[in-house]
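Structure at a glance
Residues per chain are reported as follows:
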Amino acid sequence: MSTNHCDQQLLDRVLSDQSEHPDSADVIAHLSHCTACQERLDLLAADSSWWECTREYLSEETEATLAGPSPPHTLILPVLAESTPPPPLAIDEYLDPPSHPEMLGRVGKYDVEREIGRGGMSIVLRGFDSELNRPVAIKLLAPHLASSGIARQRFIREARAAAAVVHDHVITIHGIETESKLPAIVMPLIAGPSLHGHVERHGTVDPIDIARIGIQIAAGLSAAHAQGLVHRDIKPANILLENGLSRVQITDFGLARAAHDANLTQTSVITGTPHFMSPEQAEGDTIDHRSDLFSLGSVLYFMATGQLPFTGTTTMGVLRKVYKATPTRIRELNPLIPQRLESVIDKLMEKSPDDRFETASELRQYLSDYLAHLQQPTARKPPRRLLTSAIRDRRRKWVLGSLAIVIGLLAVLFASRTGTQPKSAVERPTARPVIPDIDASLPTFAELGVVSSQSIDQELAQVTTEVNALEQRPPLPETPSNFPQEVSQLAAALSALEESRIAETDSTFYIEVQSINAALQQLEQTIPQPSPGF
Amino acid sequence: MDGAPETRASLILRLHDRDDLDAWQEFSEIYHPLVFRLARSKGFQHSDALDVAQEVLLRVAGAVERWEPDPEKGTFRGWLYRIARNLMIDFLERGRRSPLCDADHLIEMQVDPSSLESRTFDLAFQRQVFLWAADRIRPAFQEPTWQAFWQTAVVGESVAVVAEELDMSVGAVYIARTRVMQKLRTEVQRVIQDVECREVPA
Ligand SMILES: Nc1ncnc2c1ncn2[C@@H]1O[C@H](COP(=O)(O)OP(=O)(O)OP(=O)(O)O)[C@@H](O)[C@H]1O
Ligand SMILES: [Mg+2]
Ligand SMILES: [Zn+2]
């Protein structure tokens with residue numbers, strides 16, 4: 001039995017070597033009784049805080065304090081359907097032989113220089129028009145779709161329809177090749193990245209540019225819609241940028257439909273990204289031009305927040321959200337987005353087409369007015385506020401919130417007047433002794449009819465003055481201690497409500513202001529009056 | 001005490017490469033259970049908590065390229081925590097979810113790194129890394145070696161008793177447990193630099 005302590009080297013070897021070695025019997029024997037070497041070995045493996053942590057974190061009791069067992073294993077991969085690389089494909093196989101050896105091949109009369117990119121249903125090439133001496137972009141229908149006669153016909157038909165839309169913000173179509181191995185659309189070559197590429201690289205876009213781009217897309221859509229053409233696949237990748245953000249062009253009009261039909265004959269898989277589809281598309285309902293407005297809303301959302309409005313790991317998951325979920329509030333993700341711009345996007349993204357803007361040109365008009373205001377805030381008035389379901393929901397919350405405050409306060413006051421001890425704000429009594437019947441004192445919506453802006457303003461002014469007076473009121477001995485706090489909460493609720501007024505004559509706003517007023521009236525009567533003589 | 005151990009920047013930076021599937025796998029193995037448990041602890045039901053965890057990771061996945069190690073801007077985990085908190089609130093505000101918790105409770109979740117909530121989350125994170133690392137290294141050891149480690153280092157049995165049970169000498173138990181410990185430490189340190197375990201709230 002060894003009496004010499006183990007040296008450092010030996011201990012290192014014991015630790016690192018998984019295999020046995022000649023002197024291991026001696027080492028084990030020594031370690032069995034030498035506490036000094038035992039401690040050194042422990043320390044060599046890890047210092048004492050590691051041993052403590054190991055016990056702490058791996059023992060079962062910790063489960064209770066640090067919240068529970070593990071979920072079933074899930075692997076999150078960054079790749080969404082969209083970004084799966086397409087299988088390698090030798091494109092020259094589908095081209096006619098080149099007329100110059102340095103070229104890749106030929107499509108019709110165009111020489112092909114190289115591939116620019118691929119999408120779900122097409123391959124885009126950079127080509128050259130030697131007659132007109134200019135570069136062009138050639139979009140080929142993907143081989144897997146071109147094998148379907150229906151898809152070919154559809155592709156050509158949609159391309160012809162798109163060619164008929166002549167507009168500054170819709171890409172021009174130079175020609176359609178039907179005789180080549182794969183049908184192709186020839187377009188001007190656009191230098192810039194797509195809007196998708198831009199946001200990926202530079203992040204969110206500022207409000208003025210969002211408005212400017214929104215106007216351009218709306219104008220392009222409006223021209224197409226006027227000819228009965230629905231785009232069906234408005235998304236950042238289909239908005240090409242020229243010259244930074246100053247000019248955009250919409251591509252791929254109607255092509256989604258060609259791909260969709262072809263797919264339906266094979267499988268029911270959706271090609272391309274589902275993230276910008278409208279709820280009616282997600283459901284497979286019939287769609288009209290307002291579907292493009294929803295998608296445009298999602299594009300603006302993407303610019304404003306740098307995020308997709310609806311995410312999920314699978315296409316079905318995304319579509320379910322498109323159909324049902326409300327995206328995270330824009331101003332929460334990017335507080336620099338003004339409220340009006342947020343409302344424009346919210347309104348475009350309303351689930352029901354009836355709640356959106358009616359037409360692309362109505363949107364264009366609105367955004368133009370808004371842009372003018374952003375550029376000259378003092379000279380140009382902002383356009384009317386929009387009423388969206390998001391605002392309606394928030395407003396409902398404020399009103400309920402402020403009523404709850406008033407009711408709670410009344411109950412406290414009542415309790416203190418009848419001699420019982422006032423309860424603290426935390427355990428606000430739920431008994432409702434003197435709660436005014438607020439609903440009964442309010443006119444119904446129908447009774448209200450059209451309200452003049454004057455009466456709304458009067459009511460608002462009155463409520464504001466009263467709330468201010470309450471805020472200023474010096475504390476009296478009889479006033480419950482939480483009184484000032486409650487009043488200032490009420491004031492905050494009121495100003496939040498004020499923010500949401502969408503028109504001079506907004507009758508629901510009127511009802512809500514009145515409901516606060518009614519509650520205030522009651523409140524004033526219950527507050528102890530200063531005794532005369534003071 | 002200035003803050004909890006931060007996730008090693010290298011793992012997070014590796015996520016910038018979308019083809020680094022190992023990095024992505026490690027990332028989801030560590031963070032998915034972590035966020036899941038956070039959501040469970042806030043009263044989310046099992047399936048909702050799974051959804052929350054999934055969505056948080058997807059958000060992070062979508063934005064991770066923009067995250068750079070920068071002490072000014074706070075830690076990666078702080079960022080994750082904020083995303084998780086906001087998403088949970090979002091979930092509740094979309095309605096009809098998990099009657100066991102309410103948004104007000106979540107809004108109170110402190111984002112401030114020194115708050116108790118954040119501290120607890122840090123500790124939960126460390127625990128998760130230990131669990132994950134233990135899972136990973138376990139197949140590399142024979143069962144008696146693993147038991148020598150587990151019984152003495154985790155369960156807290158004395159070395160002598162465990163040696164007796166496993167029919168090993170005391171020296172062999174020491175060697176076994178330190179080998180496991182060294183490997184565990186190396187694995188944990190791939191993710192976090194230093195550990196600390198005091199102050200686990202009772
Ligand atoms: N006229 C053009 N000039 C320059 N680049 C273009 C032009 N048209 C398309 N591109 C680029 O070619 C690539 C492929 O475009 P394509 O339309 O095939 O795919 P996509 O829009 O990403 O997806 P989808 O097939 O669903 O429309 C994109 O990166 C796009 O920016
Ligand atoms: Mg496209
Ligand atoms: Zn010794």
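Report on the accompanying structure. These figures come from a predicted structure and were not determined experimentally.

All right, on to unusual backbone geometry then. Residue and element names in this part refer to chain A. The backbone phi angle of Arg 232 is positive, close to 80°, even though this residue is not glycine. Its location among the elements puts Arg 232 in the loop between α9 (207-226) and β7 (239-242). The backbone of Asn 243 shows a phi angle near 60°, a positive value even though the residue is not glycine. Relative to the elements of secondary structure, Asn 243 occurs in the loop between β7 and β8 (247-250).

Residue and element names in this part refer to chain A. Considering all chains together, one arrives at 21 salt bridges over all chains under this definition. For Glu 113, the salt bridge is made with Arg 126, and the minimal N-O distance between the two is 2.8 Å. Here Glu 113, found in strand β2 (residues 110-118), pairs with Arg 126, found in strand β3 (residues 122-129); they are 13 residues apart in sequence, far enough to count as distant. Residue class for Arg 126 comes out partly exposed when judged on its relative accessible area of 24%. One salt bridge connects Arg 384 with Glu 362, and the closest N-O pair in it is separated by 3.7 Å. Here Arg 384 is found in the loop between α16 (360-375) and α17 (389-417), whereas its partner Glu 362 is found in helix α16, with 22 residues between them in sequence. A residue is classified by how much of its surface remains accessible, and Arg 384, at 48% relative accessible area, is partly exposed. Judged by its relative accessible area of 28%, Glu 362 is partly exposed.

Below, the discussion takes up the coordination of the zinc ion (ligand 3). Residues and elements named next belong to chain A. Around the zinc ion (ligand 3), the protein contributes the donor atoms His 5 (ND1), His 30 (NE2), Cys 34 (SG) and Cys 37 (SG), which lie 2.0 to 2.3 Å from the metal centre. Seen from the zinc ion (ligand 3), its four donor atoms lie at angles of 99 to 123°, and the figure they make is tetrahedral. Counting along the primary sequence, the residues that act as donors to the zinc ion (ligand 3) give the motif H-x24-H-x3-C-x2-C. Cys 34 sits in the buried class, given a relative accessible area of 7%.

On to the coordination of the magnesium ion (ligand 2). Around a metal, the ideal angle is 109.5 degrees if four donors adopt a tetrahedral arrangement and 90 or 180 degrees if six donors adopt an octahedral arrangement. All names here are of chain A. Bound to the magnesium ion (ligand 2) on the protein side are Asn 238 (OD1) and Asp 252 (OD), at distances that span 2.0 Å. You can see Asn 238 sitting in the loop between α9 and β7 and its partner Asp 252 sitting in the loop between β8 and α10 (255-266), a full 14 residues away along the chain. Exposure class is identical for Asn 238 and Asp 252. Each is buried.

Before going further, it helps to examine the sheet that holds strand β1 (residues 105-107) of chain A. All names here are of chain A. Spatial strand order, β1-β2-β3-β4-β6-β5: six strands in an open sheet with antiparallel pairing. Two strands bound the open sheet, and with one partner strand each, they are β1 and β5 (175-177). Pairs of neighbouring strands in the sheet enclose a mean axial angle of 40°, with direction left out of account. In the packing of helix α7 (residues 149-163) onto the sheet, contacts are made with β4 (134-141), β5 and β6 (184-188), and the angle to β4 comes to roughly 140°.

What follows deals with the site of ligand 1. Residues and elements named next belong to chain A. Around ligand 1, a shell composed of 20 residues is seen, among which Ser 122, Lys 139, Ile 190, Lys 235 and Asn 238 lie nearest. Backbone polar atom of Pro 188 to a nitrogen atom of ligand 1: 3.1 Å apart, as the coordinates give it. At 2.9 Å, a side-chain N or O of Asp 252 approaches an oxygen atom of ligand 1. Taking 610 Å² as the accessible area of ligand 1 by itself, protein coverage stands at 85%. For the shell around ligand 1, the elements supplying multiple residues, two or more each, are β2, β3, β4 and β6. Across the shell around ligand 1, the residue classes break down as 10 nonpolar, five polar and five charged.

Once that is clear, we can look at empty space enclosed by the protein. Space left empty within the atom packing is revealed by a probe, the size of a water molecule, rolled over the atoms. All names here are of chain A. Going through the model one piece at a time under the given rule, you end up with four cavities of 30 Å³ or more. Forming the walls of the largest cavity are 13 residues, and the residues nearest its centre are Ala 162, Ile 171, Ile 173, Asp 252 and Phe 253. Secondary structure elements with two or more residues in the lining of the largest cavity: α7 and β6. Its residues placed into classes, the lining of the largest cavity shows 10 nonpolar, one polar and two charged. Here the lining of the largest cavity spans two domains, since at least three of its residues come from each of domain 2 (91-188) and domain 3 (195-375).

Cut-off values and rules
- Residue numbering note: each chain is counted from 1, following its sequence as written.
- A letter from A marks each chain and a number from 1 marks each ligand, given out in the order of writing.
- Predicted model: local features are reported for residues with pLDDT of at least 70 only, side-chain atom pairs are reported and counted for 80 or more only, and whole-chain, interface and lining totals are derived from all residues.
- Derived side-chain values reflect all non-hydrogen atoms in the structure, with water molecules and hydrogen atoms excluded from consideration.
- Secondary structure is summarised from DSSP: a helix means a run of H or I of at least four residues, a strand means a run of E of at least two, and numbering begins at the N terminus for each.
- By definition, a salt bridge exists where a carboxyl oxygen of Asp or Glu is found within 4 Å of a side-chain nitrogen of Lys or Arg.
- When accessible area is computed with a 1.4 Å probe and restricted to protein chains, residues below 20% of their type maximum are described as buried, those above 50% as exposed, and intermediate ones as partly exposed.
- Because water is not among the atoms used, a metal site may look incomplete, as its donors are only the N, O and S atoms within 2.8 Å, or 3.2 Å for Na, K and Ca.
- Working rule for geometry: tetrahedral if four donors all subtend angles between 85 and 135 degrees; square planar for four, octahedral for six, if opposite donors exceed 155 degrees and the others stay between 65 and 115; irregular in every other situation.
- Whether two strands pair depends on DSSP finding at least two bridges between them.
- Note on method: axes are straight lines fitted to C-alpha atoms, helices fitted across the in-contact stretch only, with angles between N-to-C directions ranging 0 to 180 degrees.
- By definition, residues are in contact when any of their heavy atoms lie within 4.5 Å.
- Put simply, a residue is near a molecule or strand once any heavy atom of it comes within 4 Å of that molecule or strand.
- Definition of a polar contact: a pair of N or O atoms within 3.5 Å, with one able to donate and the other able to accept a hydrogen when the atoms are protein atoms, and with sequence-neighbouring residues admitted only if both atoms are side-chain atoms.
- Note on areas: these come from Shrake-Rupley sampling with a 1.4 Å probe, and a residue is covered only by the protein chains present in the view.
- Lys, Arg, Asp and Glu make up the charged group, whereas Ala, Val, Leu, Ile, Met, Phe, Trp, Tyr, Cys and Pro make up the nonpolar group; the residues left over, Gly among them, are polar.
- The way it works is a 1 Å grid over only the protein atoms, where trapped points that fit a 1.4 Å probe form a cavity and open points with protein on both sides within 12 Å along at least five of seven lines form a pocket, and then any residue with an atom within 4 Å of a point lines it.
- Grid points are joined across faces, edges and corners, and a volume is the space filled by probe spheres set on the points.
- Where each domain begins and ends is defined by an automated method or by a domain database.

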